[in-house]
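Spelled out from the first residue to the last, the chains are:
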Amino acid sequence: MIKRFLATLISIFLSFGVLINTSQAGSTTELSVVGKRAFDDLARCLNSKDALDVFYLIDESASLRYTDSEKKRAEILKSSLIQLSTLREGLKVQYAVGFFGDKYSIWKNWSIVDPKSIESEALDLERKVRESNKGQSTNWQLGVDSAATELSNQRKKSNACQALIWLTDGGLDLSTGAPGEKPVQANPKNIEAFESLCKNTSNSLRQAKVTVLGVLLKSEKDLARQSGDQRENMEQGMDLLLPIVEGTGSINLGSVQQQACGQNPIPPNYAAGALLEAEDPIALAFQFLKLGSYTAGGTLGELSGGNPANFLIEAGIARFRIITTSPTWKLTSPQGSSISEGPGVTVVTSAGATQITVSVKPSMYGAWNFSFKEGSSNELVLFSGLDLKLDSGELIAGIARKVSGEVVSEFAGQPVNLSDYSVATVTVQEILGNGKTNPQRTASLAGNKFELASFKASLNQGQVELRVTLNVATKSGFALAPVSVSRILDVRLPDNYPSLAMSPIKFDTPINGSSGTGKGSAVFNGPKSGNGKICIVEKPSYVNDVIDRSETYEWFKPVGLDTSDCLLLSQDEKKKVDFAIKNRIPADAQVQAELPIIYYSDSEVGQQFTLNAPMEFQTLRKKLGENWIKALLVFLGIALPLALIYLLTWATTKIALGKNVQRASWPIRVDSLKGILASDGSVLTPKPEDYKYISDQPDARNYSEIIGNLSAKVSKLVFPPPWFEMKAREGARLLTMVAPPASMNSRFANGSIAPIRGNIDSVWAIEVLDKDLVSLGTSTAIPGNLVIYKRNNLANKNQFMDRFMKVSTTPGIWNQIVALIPKVQAELTQQSNRSTKNNSKKKVDNSSNEEMIEFDSKTSFTPPPPPGSGGSFPPPPPGSGGSFPPPPPGSGGSFPPPPPGSGGSFPPPPPGSGGSFPPPPPGGKGV
Amino acid sequence: MTSFPPKPGEIFGSGNSIPKVNQPVGEPKKASLFPLILAFTLIILSILITVVVGASGQNVSVYLLGYLVTPVAVGLCMGWDSIDQRNKTKSDPWFIAKSKYSLVLRILTGVSFLVALPHINAIARILSTLLAERFGS
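Read on for an overview of the structure. From a predicted model like this one, the values you see are computed outputs, not experimental measurements.

Reading the values: rules and limits
Residues numbered from 1 in each chain as written. Chains lettered and ligands numbered in written order. Predicted model: local features only at pLDDT ≥ 70, side-chain atom pairs only at ≥ 80, totals over all residues. Heavy atoms only, no water. Helix = DSSP H or I, 4+ residues; strand = E, 2+ residues; numbered from the N terminus. Buried < 20%, exposed > 50% of the residue type's maximum accessible area, 1.4 Å probe, protein only. Areas by Shrake-Rupley, 256 points an atom, 1.4 Å probe, with all protein chains shown as cover. Core = buried A, V, L, I, M, F, W, Y, C linked by side-chain atoms within 4.5 Å. Disulfide = S-S within 2.5 Å. Patch = residues over 30% accessible without salt bridge, like charges linked within 9 Å, V, L, I, M, F, W, Y side chains within 5 Å. Salt bridge = Lys/Arg side-chain N within 4 Å of Asp/Glu carboxyl O.

## Digging into the overall build of chain A
Phase 1: Of the regular secondary structure elements, chain A holds 14 helices and 46 strands.
Phase 2: Each of the 927 residues in chain A was classed as buried or not, and the buried ones make up 53%.
Phase 3: Looking at chain A as shown, the accessible area adds up to about 40000 Å², and 52% of this sits on carbon and sulfur atoms.

## Examining the overall build of chain B
Phase 1: Scanning chain B from N- to C-terminus turns up three helices and zero strands.
Phase 2: Secondary structure elements of chain B, listed N to C terminal, follow the sequence α-α-α.
Phase 3: Looking at the 137 residues of chain B, the share that counts as buried comes to 39%.
Phase 4: Here chain B displays about 7300 Å² of accessible surface, and carbon together with sulfur accounts for 69% of that area.

## Describing the nonpolar core
All names here are of chain A.
Phase 1: The biggest cluster of nonpolar side chains holds 47 residues, and the ones touching the most others in it are F311, F320, L331, W368 and L386.
Phase 2: At five residues, the largest contribution of residues to this core is made by strand β24 (residues 463-474).
Phase 3: Of all hydrophobic cores here, the second largest spans 34 residues; its members include V54, V97, V129 and I266.

## As for the state of the cysteines
All names here are of chain A.
Phase 1: Evaluation of the coordinates by the stated rule reveals three disulfides over all chains.
Phase 2: Covalent S-S linkage joins C45 and C161, the inter-sulfur distance amounting to 2.0 Å. Every disulfide takes its handedness from the sign of the S-S torsion; for C45 and C161 that torsion is -100°, giving left-handed. In this pair, C45 sits in helix α2 (residues 33-48) while C161 sits in strand β4 (residues 161-168), placing the two residues 116 residues apart along the sequence.
Phase 3: Given a relative accessible area of 1%, C161 falls into the buried group.
Phase 4: The residue that forms a disulfide with C198 is C261, at a sulfur-sulfur distance of 1.9 Å. Taking the sign of the torsion about the S-S bond as the criterion, the disulfide between C198 and C261, at about -105°, is left-handed. One end of the pair, C198, is in helix α7 (residues 188-207); the other, C261, is in the loop between β7 (256-260) and β8 (274-278), and 63 residues separate them in sequence. C261 carries the same exposure label as C198, and that label is buried.

## Quick look at the environment of Y693 of chain A
All names here are of chain A.
Phase 1: Position of Y693 among the secondary structure elements: in strand β39 (residues 692-693).
Phase 2: Owing to a relative accessible area of 16%, Y693 belongs among the buried residues under this scheme.
Phase 3: In sequence terms Y693 and N660 are 33 residues apart; their C-alpha atoms lie 6.6 Å from each other.

## A few points about a nonpolar patch on the surface
Phase 1: A cluster of nonpolar residues, F40, I44, I47, L48, V51 and V52 of chain B, forms a patch on the protein surface that exposes about 580 Å² of accessible area.
Phase 2: Here I47 of chain B falls in the partly exposed class, since its relative accessible area comes to 38%.

Have a look at this one:
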């Protein structure tokens, strides 16, 4: 089962789905010893856990335009992602994708690989990779540090095996100009970044058991195109990858030197990394294929030369795989039958490569042959199909225990016959907490069972890692890849010793910032028989941290211990010890440490065990008021544009005034049946000369006029639309017949303020006095003033009439006047009451019913000409551009009738009126 | 030019150089639909940014772009329409103002705030972390 999974895993890390013709592929480098170990470590982890996290860190620097002009990497990555979904059943695989160049960005957050949706996700990834070569320089530190953080955060949730696939083509280059324009060492930032990666990040990743698979596209062609400093930069930078990924390597920053990164040699309880170099994308895909097979527990088999190629399948081989670039092929069994896809045979084709996997039955043993198209590349991979299953058990310090288990088949229910092999041995090895190893010991095999009868865990170990490895070779002597599993076992003490109630010791309070103190506690159980004690005299050792700051931890004496740093424990007694720790160097990290605890038993005087109790605590960079800052920023993020829009609305909401504005005003009488009449009750006949120019004005938010103040208003609620209004003079009401927004009906209800349009040439208003309204009674007419504005349009000679007609034919004027009466009456009553109370005297001027409004003398209002003056057309203001000719002599200012269809159906002026302005009513003052 | 005094049958103000009475020259101009279309497009762009980048990215510049698109640029479209319509109203007697355009733009500006919330939140998240770390220890 595990083997099958591993075989599939091959395709992920190795095959990447693309099979290539080696005749086309460039040269590739073989895996180093450390590189091979990286795949062993990962395979072992996957044998022991049911979860895998894969983080793709993908270079998007500009140089990829040259090193992978066909963007093959996109296809390779897509294929690898698809194959993540074909891992063994029950394995939870999650993946995430980040891109880096001069910047880093996470493209895909941690997502579970779901076979149903992975195809479309893989296509998205392919598309994204194809687009991604827009970065400039190659900032490894940013990329790897960010990926390490993503993996660390994910590890807390998943506790899975983890792999970082780091695809890059370039050297380390933090230059801000053209990429790689200077040698690496010319920029101190490059050196600083490398040292940080080398000393901290890479070691932390290995310590956290993250398998780093660095994939370097090292194109000689691309290098050859560079010259001088640029080539030097690329070669230097590429060399730096090896020590970062594998822990040691030769670098050249001005002088050649051997560089070690982190702990060297890499401790056995760390995860090694592997650097894969490839000349071009095709070679890269080939590398991935081969390495994938190794990871899956496969062994490179022997294919004979010639076409067809022959190979031997013998007992002990459970499965074999042929990877070929041949578009057509034929696989023939020893019985001469042709094998094609079906039960027991899986054929996967991806990007022109084919992978044929055959499950072997005893009837299939013998010589096979494989026909292919000439020039194709073919590889045979053999799998034993064996797996190891360890019996459960525990280790007791100082006491020999049995380690046993069984050799099983990866295919559930399949029998295992170790007699099929010429060699079959099982070894057991102990890995200590400090990474050191004890010599391997060989277990005895009986049938499929193995047993190491007397295994004594090393003293002073809280936990040990047991690695059990099966080595087999076929009858013909062909050694198949070893199968290895590991298990972490807690080591407990005999019953006459105290024990730690819960392991690991987890701290409740994290170390928050440089001054924060982390706090935790541990409960110790007394011996099950007799008395004992524990002593804590040493400080913890820190085994996993994101940065090297072990020297700066400040460990306080545990609370609960006596003066000799010990705690006496009676039989079955429980006691608590409190711990506290600080560090002046802050970091966001989940730290793992080991605390040496010495255990004593009264029944074994002179005997003591020191076990390292695992301890976990969190450290945080102190973030000052992060939530408050965020809340403030969200508030500003909303408030600033709101304020901007308010200001914008305020600044752009103006009454459109400008040039050529004319105003006409008449004293009128509004009749309930006849509409708007002249003040004497006759028909009101407007004339062009009634309209007087008012001086040119820039657009304004406030504008004072003869019957009130016009103003532009903006709602403080920002989003309601702005509006325009006219405020009536004291003792008067205005009717404009402009429908206000529904929400503003109350504002305009009593007529002291009336809504208007924003363009002055659309404004007109009828003013009526309060005293006329309250005294209207049953009368059917009321005096008032009519003011109409227009913007003189020389092309429309009937404009004066059009404007008047528009007003006079507006329905509902009388109704609105009537509607005002009760409101005005109520207001006046209120005012009167207030006046009485305050002994104030604000009275409505009742001097004359006929008296009309006294306009402000400051306004440009011009009284109408006297009767018989001829109503000469006023000249346009200078610069208005209108050279309107005066009326012909003797015409008396009469305006020609409107042309047919002009819409002016206003009755002609009475004979002899000459268009003269009607006399103001008695007592009138200027309208 | 119009003769003065007008000849019999000639309407005052008519003539070659003056357009026919009540007849605009060509089609009357209407308020431009462009600010409205642009505002709508900007909102779609902002939504696309949110969909493509997601709400949990770390690249603040993308979110700043989204923030400039909505609500800032959409709000500017509203101001543009307001000024444009007012200016044309004054300068062109035949201009047909469209108050509905202004209303729709106002609504779109409101919508743009909703669309901008993921950008605002992301910017606040990224910057607050940076600032908190800088001022923290």
